[in-house]
Protein chains: 2
Amino acid sequence: MAAGSAKPVLVRELLGESLREERTAQGRTLREVSQLAKVSLGYLSEIERGQKEASSELLGSICDALGVPQSSLFKTLSDKLVMSEMITPIPVRRREPVAA
Amino acid sequence: MAAGSAKPVLVRELLGESLREERTAQGRTLREVSQLAKVSLGYLSEIERGQKEASSELLGSICDALGVPQSSLFKTLSDKLVMSEMITPIPVRRREPVAA
């Protein structure tokens, strides 16, 4: 990995992972949750794999379908981010003037 | 508000609010942060007002520009969601069969 270009932690990847972990922990299928959340099975799968960003409305629907509060999902995400940030250092704040 | 149709909590609104609170607490301008995050001032303003969804990449850039870890932003979001969920009840999990 090139110096100064650490791979950024992508929220959608950790969020998708959290959603998939919750769904599988409940023993539920992509089909069941996608139908309840009114999203296509393929799209939900892409969200779980971190390949698509879910809109706020869709995230609400998916949490509703899973029966989990959004606060819980984002607490899990925050915890995952803490772990990632231990591995990927946070870039130093850049305060150099921006060229006009 | 009509029964059974409580206004959902939109993550982008609380996330935008969190970003704006962090920026103003630092005494920094939209212009400064937008230049550092390489996003237009207008777009950053729309994100802060909850009118646009920020991609994961852009969220990473904004957090970088603000010098805050993403974990901290999403912990704040989770806390705000807890407060919202106290006001807006979480819908009961719907498990009725979906029509084929």
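Placed above this text is the structure.
Scoring rules and cut-offs
- Residues numbered from 1 in each chain as written.
- Chains lettered and ligands numbered in written order.
- Predicted model: local features only at pLDDT ≥ 70, side-chain atom pairs only at ≥ 80, totals over all residues.
- Heavy atoms only, no water.
- Salt bridge = Lys/Arg side-chain N within 4 Å of Asp/Glu carboxyl O.
- Helix = DSSP H or I, 4+ residues; strand = E, 2+ residues; numbered from the N terminus.
- Buried < 20%, exposed > 50% of the residue type's maximum accessible area, 1.4 Å probe, protein only.
- Polar contact = N/O pair within 3.5 Å; in protein donor to acceptor, adjacent residues only side chain to side chain.
- Contact = heavy atoms within 4.5 Å.
- Expected span 1.5 Å × (residues − 1).
- Axes fitted to C-alpha atoms, helices over the stretch in contact; angles between N-to-C directions.
- Parallel < 35°, antiparallel > 145°, perpendicular 65-115°, else oblique.
- Left-handed = near helix turned anticlockwise from the far one by under 90°.
- Nonpolar A, V, L, I, M, F, W, Y, C, P; charged D, E, K, R; others polar.

**Student:** Account for the pattern of salt bridges, naming residues and giving values.
**Tutor:** Residues and elements named next belong to chain A. Counted according to the given criterion, the structure contains 18 salt bridges over all chains. Notably, a salt bridge pairs glutamate 21 with lysine 80, separated by 3.0 Å at the nearest N-O pair. Placement of the pair is glutamate 21 in helix H1 (residues 11-25) and lysine 80 in helix H5 (residues 70-87), with a sequence separation of 59 residues. Using a relative accessible area of 15% as the deciding quantity, one classes lysine 80 as buried. The partner of arginine 28 in a salt bridge is glutamate 32, and the shortest N-O contact between them spans 3.2 Å. Using a relative accessible area of 4% as the deciding quantity, one classes arginine 28 as buried.

**Student:** Give me the lowdown on the side chain of Arg12(B), citing residues and values where you can.
**Tutor:** The residue Arg12(B) is located in helix H1 (residues 11-25) in this model. Engagement of the side chain of Arg12(B) in a polar contact is seen with the side chain of Glu57(A), the distance being 2.7 Å. Those residues in contact with Arg12(B) that lie beyond four places of it in its chain are Ser56(A), Glu57(A), Ile47(B), Gly50(B), Gln51(B), Lys52(B) and Glu53(B).

**Student:** How would you summarise H1(B) if you had to cite specific residues and measurements?
**Tutor:** The end-to-end C-alpha separation of H1(B) is 21 Å, in line with the 21 Å expected for 15 residues at 1.5 Å each. Within H1(B), burial applies to Val11(B), Arg12(B), Leu14(B), Leu15(B), Gly16(B), Ser18(B), Leu19(B) and Arg23(B). Here the buried face of H1(B) lies against helix H4 (56-66) and H5 of chain A together with helix H2 (30-37), helix H3 (41-48), helix H4 (56-66) and helix H5 (70-87) of chain B. Within two residues after H1(B), Gly27(B) carries a phi angle of roughly 70°, on the positive side.

**Student:** Pulling in residues and values, what's your account of the packing of helix H2 (residues 30-37) of chain A against H4(A)?
**Tutor:** All names here are of chain A. Packing of H2 against H4 leaves a shortest axis separation of 8 Å and a crossing angle of 120°. Taken together, the axes of H2 and H4 are oblique relative to one another. In this structure, H2 crosses over H4, and the sense of that crossing is right-handed. Within the contact between the two elements, H2 uses Val33, Leu36 and Ala37 and H4 uses Leu58, Ser61, Ile62, Ala65 and Leu66. Residue classes in the contact of H2 with H4 are distributed as seven nonpolar, one polar and no charged.

**Student:** How would you explain the packing of H1(A) against H4(A) if you had to name every residue and give the values?
**Tutor:** Working note: a packed helix pair is described by the angle between its axes plus the distance between those axes. Residue and element names in this part refer to chain A. Packing of H1 against H4 leaves a shortest axis separation of 11 Å and a crossing angle of 20°. Of the possible angle classes, the one that applies to H1 and H4 is roughly parallel. Both H1 and H4 take part in a crossing whose hand is left-handed. Along the contact surface, H1 presents Leu15, Leu19, Glu22 and Arg23, while H4 presents Leu59, Ile62 and Leu66. Across the contact of H1 with H4, the residue classes break down as five nonpolar, no polar and two charged.

**Student:** So what about the environment of Ser45(A)? Which residues, and what values?
**Tutor:** Residues and elements named next belong to chain A. Assignment of secondary structure puts serine 45 in helix H3 (residues 41-48). Separated by eleven residues in the primary sequence, serine 45 and serine 34 place their C-alpha atoms 8.8 Å from one another. Residues in contact with serine 45, not counting those within four places in the same chain, are Arg20 and Leu30.

All we've got here are geometric facts, nothing functional implied.
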